[in-house]
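Take a look at the letters that make up each chain.
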Amino acid sequence: MSECDATAGAVGGGCGWRAVSGERLVVQSASKLNIFLEVLGRREDGYHELDTVMVRTRFCDTLTLIPDFSGSVRLRFSDSTPVALRSAVPLDGRNLILRAAEQLRGLGDSGCGAEIILHKCIPPESGLGGGSGNAAAALLGCRQIWKLSVSDERLHEIAAGLGSDINFLLSGVRAAVCRGRGEQIQPLPLSGSLYFVAVRPGRGNSTAEVFRRTSAGTERRTSAEVARCLTEGRADLLESCIFNRLTESAAGLNSEMADLQIRFQHAVGKPVFMSGSGSTVFAVCRSAREAREVRQTVERKLRVVAWSLEV
Ligand code: C5P
């Protein structure tokens, strides 16, 4: 199993933190899949009002936080972070880890500092919320290493100010209906596990660009059916109600993704859906065993790397 295997984060429940020693904290930074996404309308602030269902997957990045008294936060990649991902992830002030850490540093004393080592596995611009998970992990981790008495509510306020998907990954819940820009979380009780197989084309999608090209549906769909499948443990019915309003606009922007989605469908004989604003596309499986088989089939037939994403 490689350090970036999608099931590697399964140890210890997928997400959360564990102290390795008194001097460093290792935090798992989870990803999400949108298994339903409807755009309800465009808001005055330019964002779109959503009705979406997110599930947290065990495909994780890892943040190692080493506290110090330097009064600054430095970010670097782990030595084993794949080279292909390094060029796509900035390590400067644009990175949500540094933006989250800086906000928390402002709430501590001036000496609060840290080195943060990012082991990156989740590709950016994938619709998997990798950057959002990193921000959530940085908020939780920095609060811990600097021993800040910041409430969960305050952490959620900061998260909402940084992005739309961070609150879900910060909440630690496995599944939720998310409304507003995506930051309003209504947890869904989930019984059993869910299994998905995902692939991503070489090119990612810009979330802002995909939203810009999308209008609210004339025949509006609701997340109620997907939510019911999850709470009633009917994963077998999930495939029939998964929907993503952003798919068409994303496909218009990224023909490689659209082509991959069709080839994936043909290769495995199942419907294939897009997560978030893409460019990850995924199929639903009934069991870990089926997910293994689907993954092998898609890798063999399409000659791509596929991930088994377990929830
Ligand atoms: O909030 P986040 O940084 O993830 O969003 C990236 C971009 O996606 C926003 O700047 C906005 O253009 C678009 N977006 C949107 N409506 C949402 C979420 C994101 O229009 N609900």
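Here the structure is a predicted model, which is why all the values come from computation and not from measurement. (Residues numbered from 1 in each chain as written. Predicted model: local features only at pLDDT ≥ 70, side-chain atom pairs only at ≥ 80, totals over all residues. Heavy atoms only, no water.)

Chemist: Which parts of the structure should I look at to understand the pattern of salt bridges?
Modeler: Two side chains with opposite charge may pair up if their charged atoms get near one another. Per the stated rule, a full pass over the model turns up 21 salt bridges. The shortest N-O distance in the salt bridge between Arg 212 and Glu 209 comes to 2.6 Å. Placement of both Arg 212 and Glu 209 in helix 6 (residues 207–212) is noted, with a separation of three residues, approximately one turn of the helix. Residue classification places Glu 209 among the partly exposed residues on the basis of a relative accessible area of 25%. Note that Lys 270 and Glu 239 form a salt bridge whose closest N and O atoms lie 3.5 Å from each other. A residue pair is termed long-range when its members are at least 10 positions apart, and Lys 270 in the loop between helix 9 (255–268) and strand 10 (273–274) and Glu 239 in the loop between helix 7 (224–231) and strand 9 (243–244) qualify at 31 residues. Lys 270 gets classed as buried once you look at its relative accessible area, which sits at 14%. Taken together, the salt bridges that share partners define one network made up of Arg 43, Asp 45 and Glu 49. (Salt bridge = Lys/Arg side-chain N within 4 Å of Asp/Glu carboxyl O. Helix = DSSP H or I, 4+ residues; strand = E, 2+ residues; numbered from the N terminus. Buried < 20%, exposed > 50% of the residue type's maximum accessible area, 1.4 Å probe, protein only.)

Chemist: Even after reading the chapter, I still don't get helix 10 (residues 288–302), so can you show me in this structure?
Modeler: In an α-helix there are 3.6 residues to a turn, and that puts residues three or four apart on one side. Its 15 residues place the ends of helix 10 21 Å apart at the C-alpha level, agreeing with the 21 Å of an ideal helix rising 1.5 Å per residue. Residues of helix 10 that are buried include every one of Glu 290, Ala 291, Val 294, Thr 297, Val 298 and Leu 302, and no others. Summarising the axial view, the buried residues of helix 10 lie within an arc of 130°, below the 170-degree limit, and thus occupy one face. Turned more than 90 degrees away from the buried face of helix 10, the exposed residues are Arg 289, Gln 296 and Arg 300. Where helix 10 is buried, its residues touch strand 8 (195–199), helix 9, strand 11 (281–285) and strand 12 (307–310). Just past helix 10, the residue Arg 303 takes up positive phi, approximately 55°. (Expected span 1.5 Å × (residues − 1). Arc of directions from axis to C-beta. Contact = heavy atoms within 4.5 Å.)

Chemist: Explanation requested: the nonpolar core in the structure shown.
Modeler: It is characteristic of soluble globular proteins that their nonpolar side chains tend to be buried jointly. Leu 63, Leu 104, Ile 116, Leu 139 and Trp 146 are the most contacted members of the largest nonpolar core, which has 41 residues in total. Per element, the largest residue contribution to this core is seven residues, and it comes from helix 3 (residues 130–145). Sequence-distant contacts of Leu 139, defined by excluding residues within four places in its chain, comprise Ala 100, Leu 104, Leu 155, Ile 158, Ala 159 and Leu 170. Residues Cys 121, Leu 230, Cys 241 and Trp 307 belong to the second largest nonpolar core, which totals 30 residues. (Core = buried A, V, L, I, M, F, W, Y, C linked by side-chain atoms within 4.5 Å.)

Chemist: I'm lost on the environment of Asp 236 in this one. Help?
Modeler: Looking at the element boundaries, Asp 236 is found in the loop between helix 7 and strand 9. Judged by relative accessible area, which is 31%, Asp 236 ranks as partly exposed. For Asp 236, the side chain forms a polar contact with the side chain of Arg 234, separated by 2.8 Å. (Polar contact = N/O pair within 3.5 Å; in protein donor to acceptor, adjacent residues only side chain to side chain.)

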